[in-house]
Structures are given as C-alpha cells and as structure tokens.
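Residues per chain are reported as follows:
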Amino acid sequence: PTEANYNPGGNLVIEGNAIRENGNSASGFIAMEMTTEGESLVQTETINNGYFKINVSLPENIKAGKYSISLNAYEKDSLEEVTNTGSATQTININQIPTNLELVFETKEIEPGANLKVQAILHDQTGENIPSTAIITIKNSKNKILEQTEKTTGEFLEYSIAYNEPPLEWNVVAVSNKLDAEAKFKIKEKADVKIELINRTLIITNIGNVVYNKTILVKIGAQTLNIDANLKVDESQKYLLNAPDGEYPIEVISDGENKITGNA
C-alpha cells in the first residue's frame, strides 16, 4: 500500500513483484489475509510474469483499528503440488469515521422545577463511540433558542426547567462532525400549591404549571372546612380563619398530604 490509513468503504490496492531465488519472474498465485481482533478478510489473485495486483473493497462497516496484512505467494507444478513459496507482511490502519449522532436523555419526561439532562453520542461505522465535541441547542415549544453550548460527546448538558413552565414539548438539536440529531422531550403536568398560615390568614399559592382546581381540607379544632381552590399558575388566594378565642389544633390537607399541622 502507498499509504497507511484507509477509510471504510474505500479500496485497498496492493501490487508488487514476485521473483524466484534464481532471479526469474514467478507465475502462480498470491493469497492475502488481512486480520485484526476477531475480523479477517481473505482474497487470492494470480501472479503473471512476476507481477501481481490485489484490489480489496473495504466494507462500509469494517472495524476501525490496525490490521496486519499477510501476503503468501506460491507456484504449483503440473500435479498441483506447491513448488515455490514466499511471504511478506505489512500493517495498515482503518480510520474511525463519524457515521451517526445520537441524543440520549436521562429521562424524556421532565418535572417542572427539575433539570433536563441530555448528552450527544457520536458513533463510528460499527457503532463504537468516538470522543469529540458537539454543539447542543435547546428550543422551547415556540422554537425559541434557550440554550446553546458546546459539550464533549458523552457529557451531560443540564438545563433547569422553571417550576411554572407549561406542560409542552421542547426540542433538542445536536451538531457534530457534519452530522446532526434532533429529539423532543416533554415537560410533565404538575398541580401543586404552597400553603402558608400567617396569624389568622391562610394563603394558598399555585406553584404548579397548570390551573389548580381542587378541594383543600382545613381542620380547626373539631370544625372542618372545605375550600374549593381554583387558581391560575402563580395566583394566590387569602382566607381569613375565624374561631372563638383560644388555641386550636390546625390541619390543612391538600391531595391527601398534610401541608400544615400544628396549633394556632
């Protein structure tokens, strides 16, 4: 070979001369075996008046790495017996070619208030990972770019999703080595409230990302009160609690969870 590095899908051309010990040109056959760990390519051609040429079509998915090439020349007599032999070896390298770019999410459904984690992975012709860099872009549901940064392939990009971000699909795009990948993720729906008791005032605030339309149970001593909360995102409502003078055990329950427990 005239050069040591070859790409998958290309041609490897080996040509040369086979000469007998007496100086005459050989006529016979030459067998080529190209091997690496777990892989082998074998091809046989003829030798005409000492000259041979082997043209090997390298598979598109040939494994990257160093290959040893063994050449074995031989002649046969009229009885098909091998009469003369000769050999030579050489090493070549098959390049690792970027073939596929993939986006991998830690999870494709993200809680509002949590972090999106996404990584770009670059694969070669056999699916092996290639160390490189990728530009990752995060776009919201209106195709507005919110984040664009360069990351090492295989390294997670983290992006914080606001607690009140609507439950919509966002898009992630990655570009590396003239390859691109695109994938979507979804912001999950979350109905949640924050409940505070300041003196005798109960303050209920929607801290989810959808309208909060549920019943909140308030227990003051032996009395029970149902509050039908209907709050838009980030909306608050205040309720004044009344009871005769004294100290009372208080419970505020939302979605089966005790939000407030104590005395007031």
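Keep in mind the model is a prediction, meaning the values are calculated, not measured.

Student: Hey, could you go over the sheet that holds strand β17 (residues 201-206) for me, with residue numbers and the actual values?
Tutor: The three strands lie next to each other as β16-β17-β20, forming an open sheet whose pairing is antiparallel. Each edge of the sheet is formed by a strand with only one pairing partner; in this case those strands are β16 (193-198) and β20 (236-240). Between one strand axis and the next, the sheet turns through 15° on average, direction left out of account. Pairing of β16 with β17 involves six bridges; the strand directions are antiparallel. From the neighbouring strand, I195 faces β17, where its bridge partner is I204.

Student: Talk me through the pattern of salt bridges; I want residue IDs and the actual numbers.
Tutor: According to the stated counting rule, one finds eight salt bridges in the structure shown. Between E257 and K259 there is a salt bridge; the shortest N-O distance is 3.9 Å. In this structure E257 comes out as partly exposed when scored by relative accessible area, which is 45%. Here the salt bridges share partners, and the residues they tie into one network are D192, E257 and K259.

Student: Outline the sheet that holds strand β18 (residues 212-220), supporting the account with residue identities and numerical values.
Tutor: In spatial order, the strands read β19-β18-β21-β22; together these four strands make up an open sheet with antiparallel pairing. Strand pairing shows two members of the sheet lacking a second neighbour, β19 (223-231) and β22 (257-263), which therefore form its edges. Each strand axis lies, on average, 15° off the axis of its neighbour in the sheet, ignoring direction.

Student: Outline the side chain of E75, listing residues and values.
Tutor: Locating E75 in the fold gives a position in strand β6 (residues 65-76). A distance of 2.9 Å separates polar atoms of two side chains, one belonging to E75 and the other to R20. Once residues lying within four places of it in the same chain are set aside, the contact partners of E75 are R20, A26, S27, G28, E81, V82, T83 and N84.

Student: Help me get a handle on the nonpolar core, residues and values and all.
Tutor: L103, L116, V118, I161, V172 and F185 are the most contacted members of the largest nonpolar core, which has 22 residues in total. Only β8 (100-105), β10 (115-123), β11 (133-139), β13 (157-160), β14 (169-176) and β15 (179-187) provide two or more residues apiece to this core.

Student: A description of the pairing of β15 should follow, citing residues and the corresponding values.
Tutor: Sheet topology places strand β9 (residues 109-110) next to β15; two bridges connect them, and they run parallel. Paired with I110 across the two strands is I187, which belongs to β15. One ladder, built from eight bridges, connects β14 with β15; its direction is antiparallel. In the strand pairing of β15, N171 is matched with K184. With antiparallel pairing between neighbouring strands as the criterion, β14 and β15 make up a hairpin whose turn holds two residues, including N177 at a positive phi of roughly 50°.

Student: Break down the packing of aromatic side chains for me, citing the residues and quoting the values.
Tutor: Enumeration over the complete set of coordinates arrives at four aromatic pairs. Measuring from ring centre to ring centre gives 5.9 Å for F105 and F185, while their planes differ by 45°; the resulting arrangement is tilted. Of this pair, F105 sits in strand β8 while F185 is found in strand β15, placing the two residues 80 residues apart along the sequence. The residues F105 and F185 share a single accessibility class, namely buried. Judged by centre distance (5.9 Å) and plane angle (70°), the rings of W170 and F185 are edge-to-face. Taken together, the residues span a long stretch of sequence, with W170 in strand β14 and F185 in strand β15 at a distance of 15 residues. Using a relative accessible area of 3% as the deciding quantity, one classes W170 as buried.

Calculation notes
- For every chain, the first residue of its written sequence is number 1, and the numbers climb from 1 along that sequence.
- Owing to the predicted nature of the model, reporting of local features is limited to residues with pLDDT of at least 70; listing and counting of side-chain atom pairs is limited to 80 or more, with chain, interface and lining totals taken over all residues.
- The side-chain numbers reported here are obtained from all heavy atoms of the structure, hydrogens and water having been left aside.
- At least two bridges found by DSSP between two strands is the condition for calling them paired.
- Helical segments are the DSSP runs of H or I of at least four residues, strand segments are the runs of E of at least two, and each set is numbered from the N terminus.
- For helices, the axis comes from a line fit to the C-alpha atoms of the stretch in contact; other axes are also lines fit to C-alpha atoms, and the angle between any two N-to-C directions lies between 0 and 180 degrees.
- Salt bridges are defined as contacts in which a side-chain nitrogen from Lys or Arg sits within 4 Å of a carboxyl oxygen from Asp or Glu.
- For every residue, the accessible area (1.4 Å probe, protein chains only) is compared with the maximum for its type, and the residue is labelled buried under 20%, exposed over 50%, or partly exposed between those bounds.
- By the criterion applied in these results, polar contacts are pairs of N or O atoms within 3.5 Å in which, for protein atoms, one can donate a hydrogen and the other can accept it, and in which residues neighboring in sequence qualify only through two side-chain atoms.
- Whether two residues are in contact is decided by their heavy atoms: any pair within 4.5 Å suffices.
- Only buried residues count toward a nonpolar core, which is a set of Ala, Val, Leu, Ile, Met, Phe, Trp, Tyr and Cys residues joined through side-chain atoms within 4.5 Å.
- The rule is short: rings of Phe, Tyr and Trp, with Trp giving its six-membered ring, pair when the centres are within 6.5 Å, and they are stacked under 30 degrees, edge-to-face over 60, tilted in between.

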